[in-house]
Amino acid sequence: MKEAEVAYSDSRNLGDEVQTIAALNLINNDEALVLDREKLNTFKSDEKVKLLCNGWFMHEPENWPPSKDIEPYFTSFHVAKFKEVRQKLITPELTDYFKQFEPIGCRDHNTVELFKSIGVDAYYSGCVTLTLPKYEGERNDKIVVTDLFYDGLLNEKYAKKVVYKLIPEKYHHRIQMMTH
């Protein structure tokens, strides 16, 4: 059976790329396919493909579930907190689909509870990026806070106020805020 990983072709979130790298490291197969998260429903293959199905799902929930040519292994799976996404992915109509692959490994506790609410066994697996090797290179003493104002969710003044409340005052001189 071929192996595959989820890709995020239209994403502007570097975290999606890091998740792909982590998942490909886990698969450890140079011939693994990389399938677009938003087009899994249209994938065709002569043989079944085992997909490590992880990450944030999804911008186009009408394209769910994946095609019958895909056998997903759900780990580090997250259902977006948008009402329209949850109404299409977490439904009684899809319970049988998810039950085929349970237990569903979820990136967060909220997604675990969503699955349990429709009678699907699920567990907290954490994020697949936690499997990346520990960085052994040179370090500095900076505390880097990234993407708080991504897509205009927070303005810079408010973001700084939040960060300075979360991080103890004795470390404020080490904070560096940035966006990718």
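Residues numbered from 1 in each chain as written. Predicted model: local features only at pLDDT ≥ 70, side-chain atom pairs only at ≥ 80, totals over all residues. Heavy atoms only, no water.

Enquirer: Help me understand the environment of tryptophan 64, please; the structure alone is not making it clear to me.
Expert: In this fold, tryptophan 64 is placed in the loop between β3 (49-57) and β4 (70-79). Remark: the alpha-carbon pair of tryptophan 64 and leucine 94, spanning 30 residues in sequence, is separated by 9.5 Å. In contact with tryptophan 64, other than residues within four places in its own chain, are Leu40, Cys53, Phe57, Met58, Phe74, Phe77, Leu89, Leu94, Tyr97 and Phe98. (Helix = DSSP H or I, 4+ residues; strand = E, 2+ residues; numbered from the N terminus. Contact = heavy atoms within 4.5 Å.)

Enquirer: Would you take a moment to explain the pattern of salt bridges for this structure?
Expert: Under the defined criterion, the tally for this structure stands at three salt bridges. The partner of glutamate 71 in a salt bridge is lysine 50, and the shortest N-O contact between them spans 3.1 Å. Highlighted residues: glutamate 71 in strand β4 and lysine 50 in strand β3, separated in sequence by 21 residues. In this structure glutamate 71 comes out as partly exposed when scored by relative accessible area, which is 26%. (Salt bridge = Lys/Arg side-chain N within 4 Å of Asp/Glu carboxyl O. Buried < 20%, exposed > 50% of the residue type's maximum accessible area, 1.4 Å probe, protein only.)

Enquirer: Even after reading the chapter, I still don't get unusual backbone geometry, so can you show me in this structure?
Expert: Across the chain, the bulk of peptide bonds are trans and the bulk of non-glycine residues have phi less than zero. The amide bond that connects phenylalanine 57 to the next residue, methionine 58, takes the cis arrangement and shows omega of -5°. Here the amide bond leading from glutamate 102 into proline 103 is cis, since omega sits at 0°, within 30 degrees of zero. Relative to the helices and strands, proline 103 resides in the loop between α3 (95-99) and β5 (104-106). A positive phi is found at asparagine 28, a non-glycine position, where the angle reads about 55°. Within the fold, asparagine 28 resides in the loop between α1 (14-27) and β2 (33-36). We note that serine 76 has phi near 55°; this positive angle belongs to a residue other than glycine. By relative accessible area, serine 76 is classed as buried at 1%.

Enquirer: Would you take a moment to explain the environment of leucine 24 for this structure?
Expert: By the element assignment, leucine 24 lies in helix α1. When its relative accessible area of 30% is taken as the criterion, leucine 24 is described as partly exposed. Ignoring anything within four residues of it in the chain, the contact list for leucine 24 reads Glu5, Asn29, Ala32 and Val34.

Enquirer: Would you explain the packing of aromatic side chains in this entry?
Expert: Aromatic rings in a pair are described by how distant their centres are and how their planes are angled relative to each other. Under the criterion given, the structure shown has 14 aromatic pairs. Residues phenylalanine 74 and phenylalanine 77 carry aromatic rings whose centres are separated by 5.0 Å and whose planes lie at 80° to one another, so their mutual orientation is edge-to-face. Judged by its relative accessible area of 0%, phenylalanine 77 falls in the buried class. The rings of Phe57, Trp64, Phe74, Phe77, Tyr97, Phe98, Phe101 and Phe115 are connected pair by pair, giving a single aromatic cluster. (Phe/Tyr/Trp six-rings, centres within 6.5 Å; stacked < 30°, edge-to-face > 60°.)

Enquirer: Even after reading the chapter, I still don't get the state of the cysteines, so can you show me in this structure?
Expert: What is meant by a disulfide is a covalent connection between two cysteines, made through their sulfur atoms. This structure, assessed with the given rule, holds zero disulfides. With no disulfide of its own, cysteine 53 has cysteine 106 as its nearest cysteine by sulfur position, at a separation of 11 Å. (Disulfide = S-S within 2.5 Å.)

Enquirer: I tried to follow the nonpolar core on my own but got confused; where do I start?
Expert: If you look at soluble globular proteins, the nonpolar side chains tend to sit buried side by side. Ranked by size, the top nonpolar core spans 33 residues in total, and within it Phe57, Trp64, Phe74, Phe98, Ile104 and Phe115 carry the most contacts. For this core, the elements supplying multiple residues, two or more each, are β1 (2-7), β3, β4, α2 (83-89), α3, β5 and α4 (109-117). With five residues, the top contributor of residues to this core is β3. Not counting residues within four places of it along the chain, the set of residues in contact with phenylalanine 98 comprises Trp64, Phe74, Leu89, Ile104, Phe115 and Val120. (Core = buried A, V, L, I, M, F, W, Y, C linked by side-chain atoms within 4.5 Å.)

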